[in-house]
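So the chains spell out like this:
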Amino acid sequence: MNPTVKHYPFYMKATIVLFGLVLLSYALFTLKGILAPLAFSFIIAILLNPLVNRMQRKGLHKIVAIALAIILAILVVGGILF
């Protein structure tokens, strides 16, 4: 056994883990107004990435491909909602 490693009792580890979970839950609840749109933006970026890659292989520059993919996504969603 390594003498430099401290072994804490179970009740101390459990208290620290529970306190960490409470803090994490509070932080997520407090930041839900920021995290929800951020999560949706990540999902949209992941869904549009294959289209952007395909446009880049066809010879379009990256910025133009991203702009066209976003415009196309907005038109598709707008058409569905209309």
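Here's a quick rundown of the structure.

So, how was this worked out
- Residues numbered from 1 in each chain as written.
- Predicted model: local features only at pLDDT ≥ 70, side-chain atom pairs only at ≥ 80, totals over all residues.
- Heavy atoms only, no water.
- Helix = DSSP H or I, 4+ residues; strand = E, 2+ residues; numbered from the N terminus.
- Rg over C-alpha atoms; globule rule 2.2 N^0.38 Å.
- Areas by Shrake-Rupley, 256 points an atom, 1.4 Å probe, with all protein chains shown as cover.
- Patch = residues over 30% accessible without salt bridge, like charges linked within 9 Å, V, L, I, M, F, W, Y side chains within 5 Å.
- Salt bridge = Lys/Arg side-chain N within 4 Å of Asp/Glu carboxyl O.

### With respect to the overall build of the protein
Check the secondary structure of the protein and you find three helices and zero strands. Listing every helix and strand of the protein by position from the N terminus yields α-α-α. Against the 2.2 N^0.38 benchmark of 12 Å for 82 residues, the protein shows a C-alpha radius of gyration of 23 Å, more extended than a compact globule. Once the C-alpha set of the protein is aligned to its principal axes, its extents read approximately 60 × 35 × 15 Å. Per element, the accessible surface of the protein, about 7500 Å² overall, is 78% carbon and sulfur.

### Topic: the environment of Leu-18
By the element assignment, Leu-18 lies in helix α1 (residues 10-30). Taking C-alpha positions, Leu-18 is 46 Å from Leu-72, a pair spaced 54 residues apart along the chain.

### What about a nonpolar patch on the surface?
Together, Val-17, Leu-18, Leu-21, Leu-24, Leu-28, Leu-31, Ile-34, Leu-35, Leu-38 and Phe-42 give the surface a local cluster of nonpolar side chains, amounting to about 930 Å² of exposed area. Those elements that place two or more of their residues in the nonpolar patch are α1 and α2 (32-57). Mapping Phe-42 onto the fold places it in helix α2.

Scope: geometric values only; no functional claims are made or implied.
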